[in-house]
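Take a look at the letters that make up each chain.
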Amino acid sequence: MMATIDVSFLTVQVLSALRQAAFLFLISSGLTLIFGVLNILNFAHGALYMLGAYFIYALTLHLTGPAGFVVALLAAPLGVALIAAVIETGLLRRIYVQEEIYQLLLTYALVLIIDDLAKIVFGPEYKSIPKPDAISGAVTIFGGTVPVYTLLVLVLAPAIALVLWYLLYRTRTGKIVRATSSDREMADALGINMSALFTLVFAFGAILAGFGGALAGPARTVFPGVGTEVIIESFVVVVIGGLGNLWGALIGSLLIGTLETVGIIVFPEFEMSLIYLLMVAILVVRPWGLFGRPLKIKALSEKNLGMEAQEISPVHFSVNPLVRVIPVLLLLAVPLVTGRFYQYLLTQIFIASLVAVAFNLLLGTTGLLSFGQAAFYGVGAYTVGLLATKAGVSTLPALLLAPVFAAAVAALIGFFCVRLSGVHFAMLTLAFGQLVFTIAFKWYGFTGGDNGIQGIPVRPLPGGVEIGSTQAMYYFALAVVGVSVEILRRIRSSPFGSTLKAIRENTQRAAYLGVNVKLYQWAAFVIAGAFTGLAGGLYALMEKSITPDIIHWTKSGEPVFMTIIGGIYTFAGPMVGAVVFTVLNSYLVAWTEKWALVLGIILLVMVLLLPGGVVGFVNEKARAAFGKRGWVRRWTFSKSAAS
Amino acid sequence: MGAPMDVLEIRGVVKSFGGVRALQDVTFSVRQGEIRAIIGPNGAGKSTLFNVMTGLFPPDSGEVIFDGERVSGVPPYRIIRKGVGRSFQITNIFPRMTVFENVQVALFAHHRSSRNPVGLARRYPAVASEALGILGQVGLAEKYEQSASILSHGDQKRLEIAISLASRPRLLMLDEPTAGMSRFESRETVELLRTISREQGLTLVFTEHDMDIVFGISEKIVVLQQGMVIADGTPAEIRANPQVRKAYLGEEISA
């Protein structure tokens, strides 16, 4: 008797794990294929999945019955492919010669745009997709009840995998795709038409995502933003398997599908943490994934792409110290003429500025794109929140411990991350960040889980200085951020900062100067983590309550956005970006619900037209203008030998 | 004691890549102050040997001794700190930094000031004058303010030599220092290297395709073929070596 119960339970669970793996494989195979050939990690792949699900939803409203369902199931991915082809030829193609981070950012902008467009077209609510009667029932296998639809998925997904295998290994185009994936330079030199190949592969990858969405939609539900959940899972799958490797995507899908199913049964609390833990564990042992290899720099000749790279000049002038003091003086006077709303808004801007400037020590100065900064922000905020509410620690010591704990966490995370570079580095920081997020989100006993921490007391500073009021907090944040930003500026202009820039420009050459590259990258990571943690601590004091939302990976995207808006190779750029972002956030949210759309369009325009950012652009113009007026230039700018 | 010391010794180095033997039992030594060329047809293993000698990857067996100390298996940044400089076949500079900054950052690394995160880089007058001095040596002093990315190919090669010199190496390894240069630029570069070697007692090890340069400046030559040393001697000996003539040089040095 016991045995039959076990068998039926096992059957249901195994099939459910396989179904999950099948969905994951459909999505991540397209993702990894695109990465292999185009060298782009497509953030918008989850959005394409979502479109597949929405398309089948819209189609089945009109096409009913089994035949209608089949038509919808086939038509939806083709619709997605069409959109993908437009994206590739209209947008992505323009920036292939740019650094890889710009391609990543463009697809990230597309996520924001497509998500909001879906909300406008289909509405914000969850949609379920009706299945024809023939496939909506359930059957009994070994005593377990299994939906017929699961069986359908388990037939169709391997069928798709076989078709994929046939196309890649048995057709001429497939051979070209594989050749390009393993050695792009060689394929380029052989005269393969890269433009056509890129469009083809991008659209084909989109078909797989769209099919994944169309197939998963009727089993799950679809709603705007479902893509961001899906894409993170797929990232984990392809990074575990090895970026660009299809077998890796298959094994990764099976691993994650199984782990998710087992995790829900055995550790319901920490199911989400488990997949990030697995990813971290695998990358610690095999930094390039199970089947991955260290990436070669896949340079494409500019001639082949028919365009020239737009060089973003990182050589800049530093502004005269007197000029730098002016904004500080103005900020000191602000509370005299404004009310609490603006003081609060500016305090938010100060904190965001510190996050962005610290982030840019990694991106702009060292050349490392971290997608996990929210983790350190969260550690800082929770340090202050927990110490103040649970241990009764006074405000100033609690705030001072925020960067200490954040630095400790950054030291640990950074130790593993700096062994990787480029996209791998970004993905590992993302995974670690999400690991921290899931811990804060689920550990009710310690962090308060998704309720967070409310009523964080703000006690007077030593000497009896009250900082509880909006105005006092304004001045306190201004002082802390002002000093921190000045320290970060010094670091950037120091010999240490010059060395970081050398690492950004040419890692190999830097090693051949006798520089221990990993150690320097690690140090930069810890410094950035510490200041991000300090900003998080300030945030906890300003808001007096925190929730785990502040650690979610979408929060890690904010400093990226700010830095690109303001100017990646400028010191002031991230601060300008913080102003733009925070102001947009405050006003657009009140004014329209489509604020992600606006944000996405701004990011898209910046990446395409002004990759050097607002400050980078102004710098160029100012240098051109003031160069003629020697005395203005001498007074306002001093040439920095180390910018 | 009296005889000049061997500064670099390669002992029985073997290196394979996926079953292909790139280097087979390579053995030779280089004396202090010597100018030594490593030649051989394409695919003979010159670049692999360079990469093994500078720690990019360890040899499968055998060892590399620099200044009496075993350096095989030591990461590049440590080998550089012991006094080895290297330039690359494909120009390897910091493109979006100024010419001055390229050398300045190399000097920071050499003087161990790289780890200072608080002082301002521009407040290092000694480093600045040293950098300008090195740029003067290679003939780039006038262009110190320019972005390295806009320099001509020859100037970029010279800049790379300047970067390598900034580490104040006792042994400088140059992988095709004149690749892609015009004849005039090549001759200038060769003169520059010879002068630096003479004035500073610097040991030079280089690979080169141009036989005029090889026989013009080197004091000893090692010939590699299919990963093996087939000859090791003075230019005259190499010229006279029938194996070398047959295998590789042939007509080029018959005149």
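The structure displayed is predicted, hence computed values, not measured ones.

Concerning the environment of Pro95 of chain B
Right, so step 1: Relative to the helices and strands, Pro95 of chain B is located in the loop between strand S6 (84-87) and helix H3 (99-110).
Right, so step 2: C-alpha of Pro95 of chain B to C-alpha of Ser149 of chain B: the two residues are 54 residues apart in sequence and 4.4 Å apart in space.

Some details on the domain arrangement of chain A
All names here are of chain A.
Right, so step 1: What the domain assignment reports for chain A is domain 1 (23-305) and domain 2 (333-639).
Right, so step 2: One C-alpha centre belongs to domain 1, the other to domain 2, and the line joining them spans 32 Å.
Right, so step 3: Counting residues at the interface gives 41 residues for domain 1, matched by 41 residues for domain 2.
Right, so step 4: If you look at where domain 1 meets domain 2, you find zero salt bridges.
Right, so step 5: If you list the elements that add at least two residues to the side of domain 1 that touches domain 2, you get helix H4 (100-122), helix H9 (226-241) and helix H11 (271-285).
Right, so step 6: If you tally residues by element for the side of domain 1 that touches domain 2, the top one is H4, at 13 residues.

Section: the sheet that holds strand S5 (residues 69-70) of chain B
Paired through their backbone hydrogen bonds, the strands of a sheet run either parallel or antiparallel.
All names here are of chain B.
Right, so step 1: Reading across the sheet, the four strands line up as S2-S1-S4-S5 and stay open at both edges, with antiparallel pairing between neighbours. The open sheet has two edge strands, strand S2 (20-31) and S5, and neither has a second partner.
Right, so step 2: As judged from the two bridges shared by strand S4 (residues 61-66) and S5, these two strands associate in the antiparallel manner. Counterpart to Ile65 in the pairing with S5 is Arg70.
Right, so step 3: Each of strand S1 (6-17), S2 and S4 is contacted by helix H1 (residues 46-53), which is oriented at about 115° to S1, the strand it contacts most.

Remarks on the interface of chain A and chain B
By a frequent convention, interface size equals the accessible area lost on bringing the separate parts together.
Right, so step 1: Counting from both sides, the interface comprises 35 residues of chain A and, opposite them, 41 residues of chain B.
Right, so step 2: Both sides of the chain A and chain B interface together cover about 3200 Å² of buried area, and 55% of this is carbon and sulfur.
Right, so step 3: It is Arg509, Tyr512 and Leu513 of chain A in chain A that bury the most area against chain B; as a group they hold 25% of the surface buried on that side.
Right, so step 4: Between chain A and chain B we count two salt bridges in total.
Right, so step 5: Across the pair Glu160 of chain B and Arg509 of chain A runs a salt bridge, and its minimum N-O distance is 3.1 Å.
Right, so step 6: In this structure, the connection of chain A to chain B is made through 18 residue pairs in polar contact (both at pLDDT 80 or more).
Right, so step 7: With eight residues, helix H20 (residues 495-505) of chain A is the single largest residue contributor to the side of chain A that touches chain B.
Right, so step 8: Within the side of chain A that touches chain B, the residues separate by chemical class into 16 nonpolar, 11 polar and eight charged.

Here we look at unusual backbone geometry
Across the chain, the bulk of peptide bonds are trans and the bulk of non-glycine residues have phi less than zero.
Right, so step 1: Of note in this structure, Lys544 of chain A is not a glycine but carries a positive phi near 65°.
Right, so step 2: Its location among the elements puts Lys544 of chain A in the loop between helix H22 (517-543) and helix H23 (553-566).
Right, so step 3: Judged by relative accessible area, which is 28%, Lys544 of chain A ranks as partly exposed.
Right, so step 4: Phi is positive for Asp67 of chain B, close to 55°, though the residue is something other than glycine.
Right, so step 5: Inspection of the secondary structure assignment puts Asp67 of chain B in the loop between S4 and S5.

Cut-offs and rules
Residues numbered from 1 in each chain as written. Chains lettered and ligands numbered in written order. Predicted model: local features only at pLDDT ≥ 70, side-chain atom pairs only at ≥ 80, totals over all residues. Heavy atoms only, no water. Helix = DSSP H or I, 4+ residues; strand = E, 2+ residues; numbered from the N terminus. Domains from an automatic or database assignment. Contact = heavy atoms within 4.5 Å. Salt bridge = Lys/Arg side-chain N within 4 Å of Asp/Glu carboxyl O. Pairing = 2+ DSSP bridges. Axes fitted to C-alpha atoms, helices over the stretch in contact; angles between N-to-C directions. Buried area = accessible area lost by both parts, 1.4 Å probe. Polar contact = N/O pair within 3.5 Å; in protein donor to acceptor, adjacent residues only side chain to side chain. Nonpolar A, V, L, I, M, F, W, Y, C, P; charged D, E, K, R; others polar. Buried < 20%, exposed > 50% of the residue type's maximum accessible area, 1.4 Å probe, protein only.

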